[in-house]
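# Fold and geometry: a report
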Protein chains: 2
Amino acid sequence: MLSRAVRLFEVFGVDTPALTVSELARRAGLPVATASRLINELVSYGWLRRDASKRVRIGVRMWELASRASPTLGLREAAMPFIEALHAVVGHHVQLGVLQDHEVLFVERLSAPGAVVNVTRIAGRLPIHASSSGLVLLACGASELQESVLAGPLRAFTPNTVTEPKALRVLLAETRRNGYAFCAGFIDESATGIAVPLRGLSGRTVAALGVVVPNDDAARMQIPALLATARGISRSMRGG
Amino acid sequence: MLSRAVRLFEVFGVDTPALTVSELARRAGLPVATASRLINELVSYGWLRRDASKRVRIGVRMWELASRASPTLGLREAAMPFIEALHAVVGHHVQLGVLQDHEVLFVERLSAPGAVVNVTRIAGRLPIHASSSGLVLLACGASELQESVLAGPLRAFTPNTVTEPKALRVLLAETRRNGYAFCAGFIDESATGIAVPLRGLSGRTVAALGVVVPNDDAARMQIPALLATARGISRSMRGG
């Protein structure tokens, strides 16, 4: 029963926030009667809700429970004053990503109106080898993670995406040496991603702080602000 | 099985983000063996996790699923650029609250270092009659909600909290007429809460935008900025 409920929730996505009961049943591989009964029970707990068009959505109660005790809330609260200040200077997009299932999961993002294209969304993911935040998490991550990612497949988003394992190894070594990842046009040719590690109490990298700015000569100028912000956040996390 | 899992999750709170298996079992009213089996299954789905001290916490996967399709994410994304701008001007605390189970649930908050005292937390709640965000949601809410809240009990946080039903009716009428709630020292004597409604597509109030500032003569000066910000957010939500 529990595994079926989990399957129902897994069907929702960034692009599919509302589904009919029969869509949910089909995508979760459950009989409609079973799905319908489960959905009714989950609606009664506030974990799912029915919208005005009778489609099913994630309930606010589930968000509340997940957020209240979320391991990312402490990180977010420590980082937010610094992220706001950085965003006021850099503009465009500033975001916070953590490692989840060999991908980057973005837990926070601030964007300015008219900012450069950015495929990231809050609670959205990006492949670890193609995004600057991902490369930071990979470069600072366990060697088993690195070997598993290097074994591929490594998707090319643009001709600039590094998909050759040998070149990716060099890029990871550079990222570690520099203390930041600089990815001009890796995911979209018009955008540059820059990211730095955030280190927790033990000195271990717990998240990546990244900016997405236009892919032009001015992009490198953001690096010092990003490095300074990461130091401020890491100090604040260690103090907290 | 599902109701037991829900009971386990309900045990976590803002002040209890990590619990041992036996604490979880006791608080959820479940036998330790049952709780332990459930916890193991939920850990395997990433919905719960064990921390370094073997205590159980909410898993990042649950946060991701809840956030991805959350009804509050669209609101938050529409509101965030405006909230940031308001926060840069007002300082202290700016927050976004929605109605949940006759209380205000805060889905977003920006705070400045050294800001005035504020009991609100993200994913935290406040009573609807005592907070400025709550009074806005109550004043714009259904009459059944109003009658149910007016029927009490109405907790006093300070001598300034309005707990007399007749006085509360007057305050709600004032809030509707003014288009904002102004609560000097209602929850803490040193702080003033001011909140305005955010209206969605249908013109219905979907959230309250609030600030918490020091309880002094300058507090009223924040009202125009708050009203202007609410208009910007509402227009942006209707356009989106």
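What counts, and where the lines are drawn
- Residues numbered from 1 in each chain as written.
- Chains lettered and ligands numbered in written order.
- Predicted model: local features only at pLDDT ≥ 70, side-chain atom pairs only at ≥ 80, totals over all residues.
- Heavy atoms only, no water.
- Helix = DSSP H or I, 4+ residues; strand = E, 2+ residues; numbered from the N terminus.
- Buried < 20%, exposed > 50% of the residue type's maximum accessible area, 1.4 Å probe, protein only.
- Contact = heavy atoms within 4.5 Å.
- Lys, Arg positive; Asp, Glu negative; His and termini not counted.
- Charge placed at Lys NZ, Arg CZ, Asp CG, Glu CD.
- Axes fitted to C-alpha atoms, helices over the stretch in contact; angles between N-to-C directions.
- Parallel < 35°, antiparallel > 145°, perpendicular 65-115°, else oblique.
- Left-handed = near helix turned anticlockwise from the far one by under 90°.
- Nonpolar A, V, L, I, M, F, W, Y, C, P; charged D, E, K, R; others polar.
- Least-squares fit on C-alpha atoms with pLDDT ≥ 70 in both.
- Buried area = accessible area lost by both parts, 1.4 Å probe.
- Salt bridge = Lys/Arg side-chain N within 4 Å of Asp/Glu carboxyl O.

Turning to the overall build of chain A, a few remarks are in order. Looking only at helices and strands, one finds nine helices and nine strands in chain A. Dimensions of chain A, computed from C-alpha atoms along their principal axes, come out at roughly 55 × 40 × 40 Å. When the 240 residues of chain A are sorted by exposure, 54% land in the buried category. Excluding contacts between residues fewer than 6 apart, the proportion of contacts in chain A whose partners are at least 24 apart in sequence is 53%. In chain A, 27 positive and 19 negative side-chain charges are present, and the distance between their average locations comes to 6 Å.

What follows deals with the packing of helix 1 (residues 2–11) of chain B against helix 2 (residues 21–28) of chain B. All names here are of chain B. Orientation of helix 1 relative to helix 2, taken along the N-to-C sense of each, is 110°, at an axis distance of 9 Å. By the criterion of interaxial angle, the relationship of helix 1 to helix 2 is roughly perpendicular. Handedness of the crossing formed by helix 1 with helix 2: right-handed. Contacts from R7, L8 and V11 in helix 1 reach L24, R27 and A28 in helix 2. Within the contact of helix 1 with helix 2, the residues separate by chemical class into four nonpolar, no polar and two charged.

A few words on the relation of the copies chain A and chain B. Of the two same-sequence chains, chain A is brought onto chain B (RMSD 0.1 Å, axial shift 0.0 Å) by a rotation of 180°. A rotation of that kind, with that shift, is consistent with a two-fold axis. Closest approach to the rotation axis among the C-alpha atoms of chain A is made by L2(A), whose C-alpha sits 2.8 Å away.

Attention now moves to the interface of chain A and chain B. Opposite the 49 residues of chain A that make contact, chain B presents 49 residues. Sorting the residues of chain A by area buried against chain B places L2(A), W63(A) and R68(A) first, and these three jointly supply 16% of that buried surface. Where R76(A) meets E108(B), a salt bridge forms, and the shortest distance between an N and an O atom there is 2.4 Å. Broken down by secondary-structure element, the contributors of at least two residues to the side of chain A that touches chain B are helix 1 (2–11), helix 3 (32–44), helix 4 (60–68), helix 5 (71–90) and strand 5 (103–111) of chain A. Across the side of chain A that touches chain B, the residue classes break down as 29 nonpolar, eight polar and twelve charged.

To continue, consider the environment of L105(B). Here L105(B) lies in strand 4 (residues 103–111). For L105(B), a relative accessible area of 0% puts it in the buried group. Expressed as a C-alpha distance, the spacing of L105(B) and T120(B), which sit 15 residues apart in the sequence, is 9.2 Å. Not counting chain neighbours up to four residues away, the residues in contact with L105(B) comprise V60(A), W63(A), E64(A), L96(B), G97(B), V98(B), Q100(B), A123(B), G124(B) and R125(B).

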